[in-house]
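# Coordinates in review
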Amino acid sequence: MKLNSGQLPWESTFKDRPSYPSLEGDLSCDCLIVGGGMGGAMMAYRLSLSGASAVLIDKREIAGGSSHANTGLLQIANDKSLTACINTFGEANGVLFYKLCKEALDNILDLPGKLDIDPQIIPRSSLLYASTPEDVPLLRQEHETLTAHGFHSEFWGADKVREHYSFSKPAALYSKGDAETNPFRTVHSLIHKAHSGGVRIYEHTRAIRYEYHADGVTCYTDRGSIFAKKVIFSMGYETQEMKKDRGAELINTYAIKTRPLAKLPKWHEQSLLWETARPYLYFRTTPEGCIIAGGKDEQLTDPERREVRVLSQCRQLLEEVEALFPEVKGVEAEYAWGAVFGTTRDGLPLIGPHPEYPHCYFIEGYGGNGTVYSMIAADLLADTLAGRERPELELFSLTRSAKPSPAPAVEA
């Protein structure tokens, strides 16, 4: 699957990144991770902390797939509001989901001091603004739901929004505890630390086929084989080529990164920005004084058509930046790209085992919070592999139905 189109921004920010060999020969391990993107990197790092015998392979270079197109917004809030989650899954499950997201983001914010390569994870606040006046009651309801369950949220009227930003919106929710990152560096930082902790890393190593045995799985690659007691598939959106998930949908999304600005516009705390419209636009800054904007999602098409669409879709994103921040009118996009993006119909990622794949687990962090979901998955699956029961996995079951299930019993 051709995951990305156009000019991608992150490789130029980390030219001296580590590299790893291709697999040559046969080996065995307790756990094989297939995929060297964000999910695989977090899983490898987490397993390295426990001293597990683990191997990670990727058919490309590390972070060479969807993680290369990631725009690096890390948020507690989801594409699906807490209010909507409670309405769909029940109060206990909806709140549990958001609490898992908060815990995962807190864990991500703790990473810089634990890694040898700076992942450029920077704490940020977020502003979710009403796209139209009709969305204001929904924002107010979400504010009340968030605060009732212990999440930070401030309801801002139009005057306060105008006071802190160049633009005017009918209302907004301001929240703390989020972050931005350079996703390319984050993946490499985690893989580098995992490797130094004993995880064997192989790039340019393509899995060809798998044999499932009573005591594990044999993965045959183009240059050798790996026997593993457990396998974790963290192949992102390409998982859909291996198995079709009935609740998953793949689309195209687009993004730009501007040239560095001499001065940033009126932008309170360089917060992450997004809106209530669906599909939504989002915006962030970078430490170099650039603006990243993304959105303009549309139906998945063939890669050739996406290549053509990058130019027009990204021109519209640049116009959206100028509309929000008139001070930057005339700014140029240094990078413009399109990418495959995955969502699920119920708004939750897919994490855990599948009955057709014995001894295997999947990490499918589909949705706008993929990096946060990857941290949730790494935590839940590392505990599971260590023999600790994590009933929260029921929330993210690959075989779940649309009907809400009772909340899993989780210790406070």
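In short, a report on the structure. All of these numbers come straight from a predicted model, not from anything done at the bench.

What follows covers helix α6 (residues 183-196). With 14 residues, α6 ought to run about 20 Å at 1.5 Å a step, and its terminal C-alpha atoms sit 20 Å apart, in line with that. α6 sits mainly inside the fold: 10 of its 14 residues count as buried. All of the buried residues along α6 are P183, F184, R185, T186, V187, H188, S189, L190, I191 and A194. Its side-chain oxygen at 3.2 Å from the backbone nitrogen of F184, N182 defines the N-terminal cap of α6. Directly after α6, the chain includes G198, whose backbone phi takes a positive value near 110 degrees.

A few words now on the pattern of salt bridges. All told, the structure shown has 26 salt bridges when counted by the stated rule. Taking the shortest distance from any N to any O, the salt bridge between D159 and R162 comes out at 3.0 Å. Linking D159 with R162, this pair stays in helix α5 (residues 158-164), spanning 3 residues, or about one helical turn. By relative accessible area, which is 40% here, R162 ends up partly exposed. Taking the shortest distance from any N to any O, the salt bridge between R259 and E332 comes out at 3.1 Å. Residue R259 is located in the loop between β12 (248-258) and β13 (272-275), and its partner E332 is located in the loop between α8 (303-324) and β16 (333-344); the two are separated by 73 residues in the primary sequence. Taking relative accessible area as the criterion, R259 reaches 40% and is therefore assigned partly exposed. Taken together, the salt bridges that share partners define one network made up of R46, D379, D383, R388, R390 and E392.

Here the focus is helix α2 (residues 82-89). Residues spaced three or four apart along an α-helix point in a common direction, a consequence of the helix completing one turn every 3.6 residues. Taken together, the buried positions of α2 are L82, T83, C85, I86 and F89. The buried residues of α2 occupy an angular sector of 165 degrees when the element is viewed end-on, so they sit on one face. The inward-facing, buried residues of α2 contact α3 (91-109) and α4 (136-148). Where α2 ends, the next residue or the one after it, G90, has phi of about 95 degrees, a positive value.

Our next topic: empty space enclosed by the protein. To find leftover empty space, a probe the size of one water molecule is rolled over the atoms. Across all of its chains, the model carries 2 cavities of 30 Å³ or more by this definition. Space inside the largest cavity adds up to approximately 60 Å³. Considering the residues around the largest cavity, the lining is formed by W10, T13, Q120, T181, N182, K257, R284, T286, P287 and E288. Of the residues belonging to the lining of the largest cavity, the class tally is 2 nonpolar, 5 polar and 3 charged. Looking at the second largest cavity, its volume works out to about 50 Å³. Together, L100, E103, A104, N107, M375, I376, D379 and L380 line the second largest cavity. Within the residue set of the lining of the second largest cavity, elements represented by two or more residues are α3 and α9 (370-385). Taken together, the residues that form the lining of the second largest cavity break down as 5 nonpolar, 1 polar and 2 charged.

By secondary structure assignment, the location of V340 is in strand β16. Judged by relative accessible area, V340 falls into the buried class, the value being 5%. Not counting chain neighbours up to four residues away, the residues in contact with V340 comprise M1, K2, L3, Y237, L250, I251, N252, L300 and R306.

What follows covers the side chain of T253. Tracing the chain through its elements places T253 in strand β12. A relative accessible area of 14% places T253 in the buried class. Side chain to side chain, T253 and D297 meet in a polar contact 2.5 Å long. If we skip the residues at most four places from it in the chain, T253 touches G295, D297, W337, G338, A339 and F341.

Glancing now at the pairing of strand β15 (residues 291-299). Where burial is concerned, most of β15 is hidden: 7 out of the 9 residues are buried. Where strand β14 (residues 282-285) and β15 come together, 4 bridges link them in antiparallel fashion. Within β15, the residue paired with R284 across the bridge is I292.

Time to look at the packing of aromatic side chains. For the structure on display, the rule yields 17 aromatic pairs. Consider the rings of F233 and F362, whose centres lie 5.0 Å apart with planes at 25 degrees: the pair is stacked. Within this pair, whereas F233 is found in strand β11 (residues 224-233), its partner F362 is found in strand β18 (residues 357-364), the two being separated by 129 residues in sequence. Overall, the relative accessible area of 0% leaves F233 in the buried class. When the centroid spacing of 5.2 Å and the interplanar angle of 50 degrees are considered together, the rings of Y237 and Y366 count as tilted. Residue Y237 is located in the loop between β11 and α7 (239-242), and its partner Y366 is located in the loop between β18 and α9; the two are separated by 129 residues in the primary sequence. Among the aromatic residues, those joined into a ring-pair cluster are F97, Y98, F151, Y373 and F396. Lying over the aromatic face of F155, R140 brings its terminal NZ or CZ to 4.0 Å of the ring centre. Of note, R209 hangs over the ring of Y220, and the distance from its end group to the ring centre comes to 4.1 Å.

Another aspect to go through is the layout of surface pockets. In this structure, the second largest pocket encloses a volume near 550 Å³. As for the second largest pocket, its lining consists of 31 residues, of which A77, S81, L128, E142 and L173 are closest to the centre. Going through the elements one at a time, α3, β5 (121-129), α4 and β7 (171-181) are the ones with two or more residues in the lining of the second largest pocket. Looking at the lining of the second largest pocket residue by residue, the classes come out as 10 nonpolar, 12 polar and 9 charged.

Reading guide: rules and limits
- Residues numbered from 1 in each chain as written.
- Predicted model: local features only at pLDDT ≥ 70, side-chain atom pairs only at ≥ 80, totals over all residues.
- Heavy atoms only, no water.
- Helix = DSSP H or I, 4+ residues; strand = E, 2+ residues; numbered from the N terminus.
- Expected span 1.5 Å × (residues − 1).
- Buried < 20%, exposed > 50% of the residue type's maximum accessible area, 1.4 Å probe, protein only.
- Polar contact = N/O pair within 3.5 Å; in protein donor to acceptor, adjacent residues only side chain to side chain.
- Salt bridge = Lys/Arg side-chain N within 4 Å of Asp/Glu carboxyl O.
- Arc of directions from axis to C-beta.
- Contact = heavy atoms within 4.5 Å.
- 1 Å grid on protein atoms, 1.4 Å probe; cavity = no way out; pocket = protein on both sides within 12 Å on 5 of 7 lines; lining within 4 Å.
- Points joined across faces, edges and corners; volume = space filled by probe spheres on them.
- Nonpolar A, V, L, I, M, F, W, Y, C, P; charged D, E, K, R; others polar.
- Pairing = 2+ DSSP bridges.
- Phe/Tyr/Trp six-rings, centres within 6.5 Å; stacked < 30°, edge-to-face > 60°.
- Lys NZ or Arg CZ within 6 Å of the ring centre and 35° of its normal.

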